[in-house]
Amino acid sequence: MHAAIEATHAVVTLDVGLPSIVWGWIITMNMWAKSIGTGVIFLLFYLLKKYPNEAGYLRFPVVVVSIVFIHIFLLFTVIDLHQMFRFWHIFTHPHLTSAIAVGAWIVTVLVALLFLMAFTVFIKKNTEAFDKMLIWAVVLSIPVTLYTAAIMAEATARELWQMPTEAVQMLLAATLTGSATLILMGGKLPYEAKRDLGIILGLSAAVAFIVYMSEMVFGPMKGEEVIVTLQAVKGAGAYTTMFWIGQATAYILPMVLVLLSISSRSESLLKLAAILAIAGLWIVKHVWLVIPQLLNLS
Amino acid sequence: MQLGFLVDLHLCMGCKGCEIACKVENEVPLSTWRLRVKYVDVGMYPETKRTFTPLRCNHCANAPCERICPVSALHYIENGIVNIDKERCIGCAGCIMACPYGAIYIDPETQTADKCTYCAHRIASSMMPACVVACPVEANIFGDLDDPTSNISKYIQDHRDTRVRKPEKGTDPHHYYVGGGDVNLNPLVSERVEGFSLFNELKHLPVGGHH
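Sequence positions are assigned chain by chain, starting from 1 and proceeding in written order. The naming scheme follows written order: chains are lettered A onward, ligands numbered 1 onward. Side-chain atom pairs in this predicted model are given and counted only at pLDDT of 80 or more, local residue features only at pLDDT of at least 70, and totals for whole chains, interfaces and linings cover all residues. Each side-chain value is worked out from all heavy atoms of the structure, with water and hydrogens disregarded.

## Considerations on the overall build of chain B
What counts is decided by this rule: Counting from the N terminus, the helices are the DSSP runs of H or I reaching at least four residues and the strands are the DSSP runs of E reaching at least two. It is over C-alpha atoms that the radius of gyration is taken, and the globule rule equals 2.2 Å times the number of residues to the power 0.38. Pairs of residues are marked as contacts when any of their non-hydrogen atoms sit within 4.5 Å.
On a plain count of helices and strands, chain B comes out with seven helices and 13 strands. Scaling as 2.2 N^0.38, a compact globule of 211 residues should have a C-alpha radius of gyration of about 17 Å, and chain B matches this with 17 Å. With respect to the principal axes defined by its C-alpha atoms, chain B has extents near 55 × 50 × 35 Å. For chain B, the proportion of contacts with a sequence separation of at least 24, taken over those separated by at least 6, is 56%.

## Focus on the environment of A:Met185
Residue and element names in this part refer to chain A. Note that Met185 resides in helix 7 (residues 163-185). Distance from Met185 to Ala129, taken between C-alpha atoms, is 23 Å for residues 56 residues apart in sequence. Setting aside its immediate chain neighbours within four residues, Met185 contacts Tyr57, Leu58, Pro61, Val62 and Val65.

## Some thoughts on the packing of helix 2 (residues 25-50) of chain A against helix 11 (residues 267-290) of chain A
When two helices pack together, their arrangement is given by the angle between the helix axes and the distance between those axes. All names here are of chain A. Going by this rule: Interaxial angle, 0 to 180 degrees, is taken between N-to-C directions of lines fitted to C-alpha atoms, where a helix line uses only the stretch in contact. Here is the rule for angles: anything less than 35 degrees is roughly parallel, anything more than 145 is roughly antiparallel, 65 through 115 is roughly perpendicular, and the remaining ranges are oblique. Helix crossings get a hand from a simple test, with the near helix turned counterclockwise from the far one by less than a right angle marking a left-handed crossing and a clockwise turn marking a right-handed one. In this count, Pro and Cys sit with the nonpolar residues alongside Ala, Val, Leu, Ile, Met, Phe, Trp and Tyr, while Asp, Glu, Lys and Arg are called charged and the others, Gly among them, polar.
At a closest axis distance of 9 Å, the pairing of helix 2 and helix 11 adopts a crossing angle of 135°. Taken together, helix 2 and helix 11 sit at an angle that is classed as oblique. Classified by chirality, the crossing of helix 11 by helix 2 is right-handed. Each of Trp25, Ile27, Thr28, Met29, Met31, Trp32, Ser35 and Ile36 in helix 2 lies in contact with helix 11, whose residues at this interface are Ile278, Leu281, Trp282, Lys285, His286 and Leu289. Here the contact of helix 2 with helix 11 is built from residues that sort into ten nonpolar, three polar and one charged.

## Concerning the pairing of strand 2 (residues 36-44) of chain B
The side chains of a regular strand alternate, residue by residue, between the two faces of the sheet. Our working rule: In this scheme, strands are said to pair when DSSP sees at least two bridges between them.
Sheet analysis places strand 1 (residues 10-14) of chain A next to strand 2 of chain B, joined by four bridges and oriented antiparallel. Within strand 2 of chain B, the position partnered with A:Val11 by the bridge is B:Asp41. As judged from the nine bridges shared by strand 2 of chain B and strand 3 (residues 47-55) of chain B, these two strands associate in the antiparallel manner. Considered in strand 3 of chain B, the bridge of B:Val37 is made with B:Pro54. Between strand 2 of chain B and strand 3 of chain B, which pair antiparallel one after the other, the connecting turn spans two residues.

## Quick look at the sheet that holds strand 3 of chain B
Taken in spatial order, the three strands make up an open sheet running 1(A)-2(B)-3(B), and their pairing is antiparallel. A single partner strand is all that each edge strand has here, and the edge strands are strand 1 of chain A together with strand 3 of chain B. Each strand axis lies, on average, 30° off the axis of its neighbour in the sheet, ignoring direction.

## A word on a nonpolar patch on the surface
Selection rule: What goes into a patch is any residue over 30% in relative accessible area without a salt bridge, connected to like charges within 9 Å or, for nonpolar side chains (Val, Leu, Ile, Met, Phe, Trp, Tyr), within 5 Å. In short, Shrake-Rupley with a 1.4 Å probe defines the accessible areas, and a residue's cover is counted only from the protein chains shown. Salt bridge, as used here, is a side-chain nitrogen of Lys or Arg placed within 4 Å of a carboxyl oxygen of Asp or Glu.
A cluster of nonpolar side chains, contributed by A:Phe87, A:Trp88, A:Phe91 and A:Trp105, occupies part of the molecular surface with about 400 Å² of accessible area. Structurally, A:Phe91 is set in helix 4 (residues 89-92).

## Things to note about unusual backbone geometry
All names here are of chain B. To be explicit about the condition: Only protein chains enter the accessibility calculation, which uses a 1.4 Å probe; a residue whose area is less than 20% of its type maximum is buried, one above 50% is exposed, and one in between is partly exposed.
Tyr45 connects to Pro46 through a cis peptide bond whose omega is 5°. Relative to the helices and strands, Pro46 resides in the loop between strand 2 and strand 3. Of note, Glu27 is a non-glycine position whose phi angle comes to about 50°, a positive value. With respect to the helices and strands, Glu27 occurs in the loop between helix 1 (17-26) and strand 2. On the accessibility criterion, Glu27 (67% relative accessible area) is exposed. Positive phi, normally seen in glycine, also occurs at Gln111, with a value near 55°. Inspection of the secondary structure puts Gln111 in the loop between strand 6 (105-106) and strand 7 (113-114). In this structure Gln111 comes out as buried when scored by relative accessible area, which is 15%.

## Structural notes on the sheet that holds strand 9 (residues 162-163) of chain B
Either a parallel or an antiparallel arrangement is found when strands of a sheet pair, and the pairing is made through backbone hydrogen bonds. All names here are of chain B. One open sheet accounts for four strands, arranged 8-1-10-9; its pairing is mixed. Edge positions in the sheet fall to strand 8 (140-144) and strand 9, since each of these pairs with one other strand and no more. Sheet analysis places strand 1 (residues 3-8) next to strand 10 (residues 175-178), joined by four bridges and oriented parallel. Counted as the bridge partner of Asp8 is Val178 from strand 10.

## Some details on the packing of aromatic side chains
Between two aromatic rings, the relevant description is the distance of the centres plus the angle of the planes. All names here are of chain B. Filter applied, for reference: The aromatic pairing rule takes the rings of Phe, Tyr and Trp, using the six-membered ring of Trp, and pairs them if the centres are within 6.5 Å, calling planes under 30 degrees apart stacked, those over 60 edge-to-face and the rest tilted.
For the coordinates displayed, the defined rule picks out 13 aromatic pairs over all chains. Here Tyr118 and Phe142 contribute two aromatic rings whose centre-to-centre distance is 5.5 Å and whose plane-to-plane angle is 80°, an arrangement assigned as edge-to-face. Of the two residues, Tyr118 sits in the loop between strand 7 and helix 4 (120-123) while Phe142 sits in strand 8, which places them 24 residues apart along the sequence. Overall, Tyr118 belongs to the buried group, its relative accessible area being 1%.

## Describing the pattern of salt bridges
Pairing of side chains with opposite charge becomes possible as their charged atoms draw close. Across all of its chains, the model carries 17 salt bridges over all chains by this definition. When the shortest N-O distance is used, the salt bridge between B:Asp114 and B:Arg34 registers 3.0 Å. Placement of B:Asp114 in strand 7 and of B:Arg34 in the loop between helix 1 and strand 2 is noted, with a sequence separation of 80 residues between them. Exposure remark for B:Asp114: the relative accessible area of 3% places this residue in the buried category. Take B:Arg34: its relative accessible area is 10%, and that puts it in the buried class. Each of the salt bridges in this network shares a partner with another, and the network as a whole consists of A:Glu159, A:Glu225, B:Lys166 and B:Lys169.

See below:
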């Protein structure tokens, strides 16, 4: 608790009930699904550049996976609205200082492009046109995966969410889950390609873990609200156990498993790392989403 | 014109008349509040003091809620009030996440965001906000901050201990307090324990009134 409380012994004795968690598991689903939907696009681009022949068969299935997860993300975005049947107001009355509105527009363009890519490769069998469109899909996937970080940055009330950090975490979440998903999908890929995906997975996990630990240690040195917020994941905090389960599942165990799989050339360990990373990211995202909302603002 | 509010905390006696007047005037549903008066007890018996702090929307010049609203449901009107168009609101709750003062809630009846509007509908009819009228000690002072002869401008000029909540957020609030300290204005310096306290049960409520 804040040091001033001990000095003043100030206690709230009469007030109203305050709103509890505003953005809960539905928004966690939103961020998690979006990471997969955009991450597979990033990693498909990498694979097609480095292993154009061996990874060619992944064009259509990866686009389908991306479409599915982007739609899961959109579904959970819409159902979280308290007036979900008014979601079209974003298109008829857009407010362009809002990351929510800008993101919705960009993701709409991305979805249209993804469907066009699926049509091009599956119906037209035109891989050359597909690869050109893939470049634009990568370009659009960057703001799509980042715009939740922009929303968090616009949430002035929540000091834990800082834009540079959250932007990095969103990109790492995309590369983590994108590489993990392609490890699970890429059974026919050569070992070298799977090893590359494993290295990307391991590095994404390592950097994301470092960023979280840096925030844990150094964040409280800069902001009073960050001190109070992070108490929820320290000591006997309400989310301490969940936080560490998430960190272990999403980052620590996948890092170790990737190292072991590379040293032993074990694809099973790599797949286990991939599954843990995908599942663990949901927990990590959920904890980081919820804990700033526990802060009393007034 | 830039309308603003000032509360003289030396005068406020925590009667909650403003809270009730606001509820009645704006038909604020159960379990939600546009304006509330928070009691904080300070010190150890017998050296104790009770503070009363009316809390409402600050109508910031740089309002995070207005910036994050994807459909401009939250918008400025010409007198500086941050108003809300409930017909346009999609209920994304971005404004609730953005407001550093916890001043916005989801109306459980309309399932849209809502907050204090400084009684914009009364001001449009040249009336004072309901809370100002109800205050028995004239602790609520309302007026045009751009007019140096207005009561609120004179009050600010005459009182050196005028403060706003969370100035570090850069929101430039148009809501001032005279006689307030950290205990009144910074929620982090008081302990808030869930459960029965003085007269009521302090707790967190489901958002949007789903209970």
